[in-house]
Amino acid sequence: MIRRLVPLALLAALLSACTDDGPKRTPLPAGPTAGPDVSHQPLPSPTLPPVVNSDGCQGLIGADQVKQSTGLPVQPSQGDGAAAVAQYGQAVQTLGLNARARMCPFGSPAGDQVTVVALTFTDAAQAQKLWTTIVSLEAVGGVGEAALSDKSKTLLSRRGKAIVAVYMVVAAAPEADHLAQLRSVANAALAKA
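Described in the following lines is the structure provided in the data block.

Analysis parameters
Residues numbered from 1 in each chain as written. Predicted model: local features only at pLDDT ≥ 70, side-chain atom pairs only at ≥ 80, totals over all residues. Heavy atoms only, no water. Buried < 20%, exposed > 50% of the residue type's maximum accessible area, 1.4 Å probe, protein only. Helix = DSSP H or I, 4+ residues; strand = E, 2+ residues; numbered from the N terminus. Arc of directions from axis to C-beta. Polar contact = N/O pair within 3.5 Å; in protein donor to acceptor, adjacent residues only side chain to side chain. Contact = heavy atoms within 4.5 Å. Salt bridge = Lys/Arg side-chain N within 4 Å of Asp/Glu carboxyl O. Pairing = 2+ DSSP bridges. Axes fitted to C-alpha atoms, helices over the stretch in contact; angles between N-to-C directions.

**Some words on helix H4 (residues 124-131)**
- Within the sequence span of H4, burial applies to Gln126, Ala127, Leu130 and Trp131. Looking down the long axis of H4, one finds its buried residues gathered within 140° of arc, a one-sided arrangement.
- Capping of H4 at its N-terminal end is provided by Asp123; its side-chain oxygen lies 3.1 Å from the backbone amide nitrogen of Ala125.

Next comes the structure, spelled out in structure tokens:
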């Protein structure tokens with residue numbers, strides 16, 4: 001910081017020495033070219049980092065499919081999807097598993113949310129190993145080879161070497177039975193997982 005001040009102060013001194021103090025004197029223009037007194041300059045305000053908008057979904061499911069499956073007017077949510085996906089990949093690696101992760105977040109201005117996460121493992125045995133760690137959800141049918149759900153917000157389904165998780169919040173009725181919608185979204189995602 002001090003190294004910067006010395007050249008600026010020297011520049012200001014040189015510019016002021018070049019002006020004629022006689023009656024024809026014209027003022028120097030204000031601004032950086034006049035060699036401002038840096039001690040009185042306001043500090044720049046901090047700026048927010050640029051918004052990162054990366055695709056962690058990678059074609060797993062689109063907003064139109066989610067709208068059709070749920071009846072909710074959702075659009076893709078903004079954010080760093082690739083970073084979120086990396087966290088899922090790292091989480092399964094801590095269990096000694098290897099999976100390709102994809103995450104598709106959607107939302108509406110009314111507060112509706114649908115997030116679809118797919119983990120595609122290298123083989124069905126790895127998917128089964130993770131599946132056996134899931135507790136506290138009720139077994140349901142109608143999707144994949146196996147499915148677990150709380151029937152209102154969450155559904156996990158497994159088919160072959162893939163596990164798909166659907167998390168949905170319907171703002172108007174968050175605790176209602178949304179099992180049919182959850183199944184529909186999960187089946188659409190399992191087709192590409």
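**A look at helix H2 (residues 63-70)**
- Among all positions in H2, only Ala63, Val66, Ser69 and Thr70 are buried. Viewed along the axis of H2, the buried residues span an arc of 130°, placing them on a single side of the element. In this structure, H2 carries Asp64 and Gln68 as exposed residues pointing more than 90 degrees from its buried face.
- For H2, the secondary structure elements touched by its buried residues are strand E1 (75-76), strand E2 (99-107), strand E3 (113-121), strand E7 (162-169) and helix H5 (179-190).
- Directly beyond the C-terminal end of H2, a positive phi value near 75° is found at Gly71.

**So, the pattern of salt bridges**
- Taken as a whole and assessed by the stated rule, the structure comprises 4 salt bridges.
- With its nearest N and O atoms 3.2 Å apart, the salt bridge here joins Glu138 to Lys151. Placement of the pair is Glu138 in strand E4 (residues 138-140) and Lys151 in the loop between strand E5 (146-149) and strand E6 (154-159), with a sequence separation of 13 residues.
- Residue Glu175 pairs with Lys153 through a salt bridge whose shortest N-O separation is 2.8 Å. Placement of the pair is Glu175 in the loop between E7 and H5 and Lys153 in the loop between E5 and E6, with a sequence separation of 22 residues.

**A few points about the sheet that holds E2**
- The 7 strands lie next to each other as E1-E2-E3-E7-E6-E5-E4, forming an open sheet whose pairing is antiparallel. Two strands in the sheet have a free side with no partner beyond their single neighbour: E1 and E4.
- As judged from the 4 bridges shared by E5 and E6, these two strands associate in the antiparallel manner. In the sheet register, Ser149 faces E6, and the bridge partner there is Leu155.
- Sheet strands in contact with H4 are E3, E5, E6 and E7, and its direction is about 150° off that of E6.

**Notes on the pairing of E7**
- Here E7 lies mainly inside the structure; 6 of its 8 residues are buried.
- Summarising the sheet, E3 and E7 pair through 8 bridges and their orientation is antiparallel. Bridging from a neighbouring strand, Val116 pairs with Val166 of E7.
- Both E6 and E7 contribute to a ladder of 6 bridges, which runs antiparallel. Bridge pairing in E7 links Arg159 to Ala162.
- Taking the residues that link successive antiparallel strands as the turn, the E6-E7 hairpin has 2 residues, and the phi of Gly160 there is positive, at about 55°.

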